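Working through the structure, step by step
Here are the chains, one letter per residue:
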Amino acid sequence: MNRSSSPAASARGLVYSTRGNHPVLGPSWVFWYLRCSKKVWFRLPVPPGAGGPLLFRFDGRPILHRSELAAWHAGRGEHPMPVVWGDRLGVGWGQGPLGTNLYLLIWTRWSWLHPRACGQPQRFSVERPQGWAAGRMDP
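Predicted, not measured: the structure shown is a model, and the values here were computed from it.

**Some thoughts on the overall build of the protein**
When helices and strands are counted, the protein shows three helices and 10 strands. Ordered by position from N to C terminus, the α and β elements of the protein give β-β-β-α-β-β-β-α-β-β-β-α-β. Across the 139 residues that make up the protein, the buried fraction comes to 45%. Within the protein, contacts between residues at least 6 apart in sequence are counted, and of these 68% link residues at least 24 apart. Just so you have it, the protein exposes about 7000 Å², and 56% of that area is on carbon and sulfur atoms.

Below you can see the structure in the form of structure tokens.
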């Protein structure tokens, strides 16, 4: 596996939604701070199941589960510093708002600590790097 490979497919976040997939357009502090579950949606031009796993980023920094941190640093040193989540990434495929097809769950704790992301789903991105093992979806 080579996480530094160029992306075979990539996309920026397009829209936030509630857990029930109701879109939230523009900044909404009530949604950002009081909604327990939220999603950021992407339109990835690769059908589900094709290629390998997904690597999500926030402001260009990889989003990793804390168990992946040591392996990431071993292969890359200190740059870029990953965004570390204590929970596994919640990811899914489906029909989302605005023609999107892939979502990442945003953890409530994380949203409280990152108010600058409110109303800015484009700060998230996803890529399917080339050279990763087929069939795996975990970043």
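On we go.
**Remarks on the pattern of salt bridges**
Evaluated as defined, the whole model comprises four salt bridges. Across the pair D59 and R116 runs a salt bridge, and its minimum N-O distance is 3.9 Å. Here D59, found in the loop between β5 (55–58) and β6 (61–65), pairs with R116, found in the loop between α3 (108–113) and β10 (124–129); they are 57 residues apart in sequence, far enough to count as distant. The exposure class assigned to D59 is partly exposed, which follows from its relative accessible area of 37%. The class for R116 is partly exposed, based on a relative accessible area of 38%. R109 is the salt-bridge partner of D87, the closest N and O atoms lying 2.9 Å from each other. With D87 in the loop between β7 (83–85) and β8 (91–93) and R109 in helix α3, this residue pair connects regions lying 22 residues apart in the sequence. Each of D59, R116 and R123 takes part in salt bridges that share partners, so that together they form one network.

**Describing unusual backbone geometry**
Of note in the backbone geometry, N21 takes a positive phi value of approximately 70° without being a glycine. Relative to the elements of secondary structure, N21 occurs in the loop between β2 (15–18) and β3 (23–24). For N21, a relative accessible area of 28% translates into the label partly exposed. Its identity is not glycine, yet L98 carries a phi of approximately 60°, on the positive side. Structurally, the position occupied by L98 is in the loop between β8 and β9 (102–106).

**Some thoughts on the side chain of S17**
Secondary-structure assignment places S17 in strand β2. A distance of 2.8 Å separates polar atoms of two side chains, one belonging to S17 and the other to W41. Among residues more than four places away in sequence, those in contact with S17 are H22, P23, V24, F31, K38, K39, W41 and P97.

**Some points on the confidence of the model for the protein**
Averaged over every residue, the pLDDT of the protein is 81; residues scoring 70 or more account for 77%. Here helix α2 (residues 69–76) stands out as the least confident element of the protein, with mean pLDDT 72; strand β4 (residues 38–42) is the most confident, with 96. In the predicted structure, residues 1–5 sits below a pLDDT of 50 and forms 16 contacts with residues beyond four places in sequence or in another chain.

**As for the sheet that holds β4**
With antiparallel pairing, five strands are arranged side by side in an open sheet as β3-β2-β4-β9-β8. In this open sheet, the two strands that pair with only one neighbour each are β3 and β8. Bridge count for β4 against β9 is five bridges, and the pairing is antiparallel. Bridging from a neighbouring strand, K39 pairs with L105 of β9.

Reading the values: rules and limits
- Residues numbered from 1 in each chain as written.
- Predicted model: local features only at pLDDT ≥ 70, side-chain atom pairs only at ≥ 80, totals over all residues.
- Heavy atoms only, no water.
- Helix = DSSP H or I, 4+ residues; strand = E, 2+ residues; numbered from the N terminus.
- Buried < 20%, exposed > 50% of the residue type's maximum accessible area, 1.4 Å probe, protein only.
- Contact = heavy atoms within 4.5 Å.
- Areas by Shrake-Rupley, 256 points an atom, 1.4 Å probe, with all protein chains shown as cover.
- Salt bridge = Lys/Arg side-chain N within 4 Å of Asp/Glu carboxyl O.
- Polar contact = N/O pair within 3.5 Å; in protein donor to acceptor, adjacent residues only side chain to side chain.
- pLDDT = per-residue confidence, 0-100.
- Pairing = 2+ DSSP bridges.

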